[in-house]
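# Commentary on secondary and tertiary structure
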Amino acid sequence: MATAFQWLRSLIFMIVIYAWMVILGILFLPYAIISKRGALNACKTYARTTIWMARWMVGIRSQVRGTPPTEQVLIAAKHQSFFDILLIFNAIPHGKFIMKRELLWTPVIGLYAKRLGCIPVNRGKKGAAISKMVKDVAAEFEEPGQLVIYPQGTRVAPGAQKPYKVGTAVLYEGLGDPCVPVAANVGVFWPRTGILRKPGLAIVEFLDPIEPGVAKNTFMKRLETSIETKSNELMREVGFDPDAVH
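Residues numbered from 1 in each chain as written. Predicted model: local features only at pLDDT ≥ 70, side-chain atom pairs only at ≥ 80, totals over all residues. Heavy atoms only, no water.

Here the focus is the environment of M235. With respect to the helices and strands, the residue M235 is situated in helix 7 (residues 216-237). Using a relative accessible area of 2% as the deciding quantity, one classes M235 as buried. (Helix = DSSP H or I, 4+ residues; strand = E, 2+ residues; numbered from the N terminus. Buried < 20%, exposed > 50% of the residue type's maximum accessible area, 1.4 Å probe, protein only.)

Below you can see the structure in the form of structure tokens.
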């Protein structure tokens, strides 16, 4: 009975937050077209209000740990669900995401992603996609911001294993900026698929930055070790054993 009630709460919550996305998108549209600041304000408003609704509608409390960067950096984050996007974006001044190209054609999301300066990537073209991504990022970073990339390339369920992709190292090398790893446990409560949202403490944690100039292989090893180790700690903290999934 309790699970059925939580599922119903979750369904209502999902309907509300996607309807709210459309409403905000329409309300802010003239401002967003005129000014990129309008698009940023709309997305910040959506992130804050959805985080707030998650707490009282489905019982997902949230916490951001560490020091969110305010300068121009590359952020490499654990990606478990839509909720870690909201928590990270809400914590930094001007987040720009590496995103799959298909999202550009999504109503509301596509328009605002363009205005924010997000970088679309064709995931099916690998080498060509990485080369174009580096060029697009260099052009976009004429305006400062924090570039967020997901090193595993997609959402990964808690405890699941997926390799880290070299595109993060290519960007890190090309930009010459520090890279801030981010760990997360949010998938324990807000999974990448399905309707059910579980009550609990969803955490993202900004970790110690990796300074510019680290060799590619060393960088990738440090990045994966720091993100995976801390993400596993955060999952265990809330009672989920990632090792039990393997």
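Moving on to the sheet that holds strand 4 (residues 119-121). One open sheet holds the seven strands; their spatial order is 1-7-6-2-5-3-4, and the pairing between them is mixed. If you trace the sheet from one side to the other, it starts and ends with strand 1 (60-65) and strand 4, each paired once. Sheet twist, expressed as the average angle between the axes of neighbouring strands with direction ignored, equals 20°. With six bridges connecting them, strand 1 and strand 7 (residues 200-206) associate as parallel partners. Looking across to strand 7, one finds that S62 is bridged to A202. Each of strand 1, strand 2 (73-77), strand 6 (179-184) and strand 7 touches helix 7; the most contacted strand, strand 6, lies at about 25° to it. (Pairing = 2+ DSSP bridges. Axes fitted to C-alpha atoms, helices over the stretch in contact; angles between N-to-C directions. Contact = heavy atoms within 4.5 Å.)

This next bit is on the packing of aromatic side chains. One pass over the structure, following the stated rule, counts seven aromatic pairs. Residues Y172 and F219 carry aromatic rings whose centres are separated by 4.0 Å and whose planes lie at 5° to one another, so their mutual orientation is stacked. Of this pair, Y172 sits in helix 6 (residues 167-175) while F219 sits in helix 7, and the two are 47 residues apart along the sequence. For the pair Y172 and F219, one class covers both residues: buried. An aromatic cluster of at least three residues, connected via ring pairs, comprises F13, F82, F83 and W190. In this structure, K44 packs its charged tip against the face of F89, placed 4.8 Å from the ring centre. (Phe/Tyr/Trp six-rings, centres within 6.5 Å; stacked < 30°, edge-to-face > 60°. Lys NZ or Arg CZ within 6 Å of the ring centre and 35° of its normal.)

For the rest of this paragraph, the subject is the side chain of T50. Take T50: it is sitting in helix 2 (residues 36-58). Apart from the residues lying within four places of it in its own chain, the contact partners of T50 are F13, I17, W20, L86 and W190.

Another point: the UniProt feature "transmembrane region" (unreviewed entry) in the chain. Under the local residue numbering, the UniProt record ascribes the feature "transmembrane region" (unreviewed entry) to residues 12-34. Helix and strand shares over residues 12-34 are 100% and 0% respectively, and the end C-alpha atoms of the span are 34 Å apart. (UniProt positions renumbered as here; feature names shortened; annotations may be inferred.)

The next subject is helix 6. If you check which residues of helix 6 are buried, you get G167, T168, A169, L171 and Y172. Looking one or two residues beyond helix 6, the residue adopting positive phi is G176, at roughly 70°.

Formed by 48 residues in total, the largest nonpolar core has its most connected members in F13, I60, I75 and F83. Taken together, the elements giving at least two residues each to this core come down to helix 1 (2-34), helix 2, strand 2, helix 3 (82-91), strand 3 (95-100), helix 4 (109-116), strand 6 and strand 7. If you tally residues by element for this core, the top one is helix 2, at 11 residues. The residues contacting F13, other than those within four sequence positions of it, are T50, M53, A54, M57, V58, W190 and R197. A76, V121, L147 and F219 belong to the second-largest nonpolar core, a separate cluster that totals 18 residues. (Core = buried A, V, L, I, M, F, W, Y, C linked by side-chain atoms within 4.5 Å.)

As a further point, take the packing of helix 2 against helix 4. Helix 4 packs onto helix 2 with a crossing angle of 125° between their chain directions and a minimal axis gap of 8 Å. It follows that helix 2 is oblique to helix 4 by the angle criterion. Along this stretch, helix 2 crosses helix 4, giving a crossing that reads as left-handed. Contact with helix 2, carried on its side by K36, A39, L40, A42 and C43, involves Y112, R115 and L116 of helix 4 and no other residues of that element. Of the residues belonging to the contact of helix 2 with helix 4, the class tally is six nonpolar, no polar and two charged. (Parallel < 35°, antiparallel > 145°, perpendicular 65-115°, else oblique. Left-handed = near helix turned anticlockwise from the far one by under 90°. Nonpolar A, V, L, I, M, F, W, Y, C, P; charged D, E, K, R; others polar.)

Side chains that carry opposite charge are capable of pairing whenever their charged atoms lie near each other. Tallied over the full model, the rule gives five salt bridges. Of the charged contacts in the structure, one is a salt bridge between E228 and K78, with a shortest N-O distance of 2.8 Å. You can see E228 sitting in helix 7 and its partner K78 sitting in the loop between strand 2 and helix 3, a full 150 residues away along the chain. (Salt bridge = Lys/Arg side-chain N within 4 Å of Asp/Glu carboxyl O.)

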